[in-house]
Amino acid sequence: FEKTLNNQYMKTILTLVFLATIQYTFAQQNDAIVKKASEVETKWGYKAKNKNIITLIDFSKSIDSARLYVVDTKNNKILLSSNVDHGYGSGTGQTPSSFSNAVGSNASSLGCYVTMQTYNGTWGYSLRIDGLEEDKNSNALKRNIVVHSSRKMYSKFSLGCFSVPDKNSDALINLIKNGSLIYAYQ
């Protein structure tokens, strides 16, 4: 009986240590995301109407994992996280292999964007964005790079747009529309 009790006690302790480690790692990741959003706000905030909301897209992470984060910089918390596609012109691997600002490239672009108005189009409820960096994403409007649902797509790769799962798209667009910043990086 004593040996069984000790085994159960050890399993409980190991489970608690494991959960604490996961929680600590998650907290560190969240802190890094909030810090990155604060850096973007410091550098680009003057271009935003809504300085308290920053969207980060970390293209170093897999297309199959959450790599888009909406951060409330006023309260230092992540409001939403989601998968986000990259353009097939950036490669069809788990992470993009290249980026482009060229019209017709169907690639993702890096850098800072500002959100504009919403509209209903080919991809349903969508959000226009304008690229703020001449050498990275200044052709976003010409390329029709927008935020939209991936529901109607034929693959998990976009034409360069920031497409997210349908379950997240409306909430995401409503959180970030009308003058907040999006920052894509790798």
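For the structure itself, look to the data block above.
Reference entry: report on the structure contained in this document. (Residues numbered from 1 in each chain as written. Predicted model: local features only at pLDDT ≥ 70, side-chain atom pairs only at ≥ 80, totals over all residues. Heavy atoms only, no water.)

Considering the overall build of the protein
Part 1 of the reasoning: The number of helices and strands found in the protein is two helices and eight strands.
Part 2 of the reasoning: Going from N to C terminus, the protein has its helices and strands arranged as α-β-β-β-β-β-β-β-α-β.
Part 3 of the reasoning: In the protein, which comprises 186 residues, the proportion classed as buried is 41%.
Part 4 of the reasoning: Contacts in the protein between residues at least 24 apart in sequence constitute 55% of all its contacts with a sequence separation of at least 6. (Helix = DSSP H or I, 4+ residues; strand = E, 2+ residues; numbered from the N terminus. Buried < 20%, exposed > 50% of the residue type's maximum accessible area, 1.4 Å probe, protein only. Contact = heavy atoms within 4.5 Å.)

Brief notes about the nonpolar core
Part 1 of the reasoning: One finds I57, L68, V147, F162, L172 and I182 to be the most contacted residues of the largest nonpolar core, which totals 21 residues.
Part 2 of the reasoning: Contact partners of F162, with chain neighbours within four places excluded, come to I57, F59, V84, S109, Y113, I129, V146, V147, H148, I182 and A184.
Part 3 of the reasoning: V34, A48, C112 and V114 belong to the second-largest nonpolar core, a separate cluster that totals 15 residues. (Core = buried A, V, L, I, M, F, W, Y, C linked by side-chain atoms within 4.5 Å.)

Re the sheet that holds strand β8 (residues 181-185)
Part 1 of the reasoning: Across the sheet, eight strands lie side by side as β3-β2-β1-β8-β4-β5-β6-β7; this open sheet has mixed pairing. Only two strands of the sheet have a single neighbouring strand rather than two, namely β3 (77-82) and β7 (162-164). Going across the sheet, the axis of each strand differs from the next one's by a mean of 30°, ignoring polarity.
Part 2 of the reasoning: In the sheet, strand β1 (residues 53-58) pairs with β8 via five bridges, with the strands oriented parallel. If you follow I57 over to β8, its bridge partner there is A184. (Pairing = 2+ DSSP bridges. Axes fitted to C-alpha atoms, helices over the stretch in contact; angles between N-to-C directions.)

As for the layout of surface pockets
Part 1 of the reasoning: Quantified by volume, the largest pocket comes out at close to 370 Å³.
Part 2 of the reasoning: Around the largest pocket sit 23 residues that line it, and W123, R143, N144, L159 and C161 are the ones nearest its centre.
Part 3 of the reasoning: Here the lining of the largest pocket is built from residues that sort into 12 nonpolar, nine polar and two charged. (1 Å grid on protein atoms, 1.4 Å probe; cavity = no way out; pocket = protein on both sides within 12 Å on 5 of 7 lines; lining within 4 Å. Points joined across faces, edges and corners; volume = space filled by probe spheres on them. Nonpolar A, V, L, I, M, F, W, Y, C, P; charged D, E, K, R; others polar.)

Details of the environment of K142
Part 1 of the reasoning: One can find K142 in the loop between β5 (124-131) and β6 (146-149).
Part 2 of the reasoning: Looking at K142, the relative accessible area reads 64%, which means it is exposed.
Part 3 of the reasoning: Separated by 39 residues in the primary sequence, K142 and V103 place their C-alpha atoms 7.1 Å from one another.

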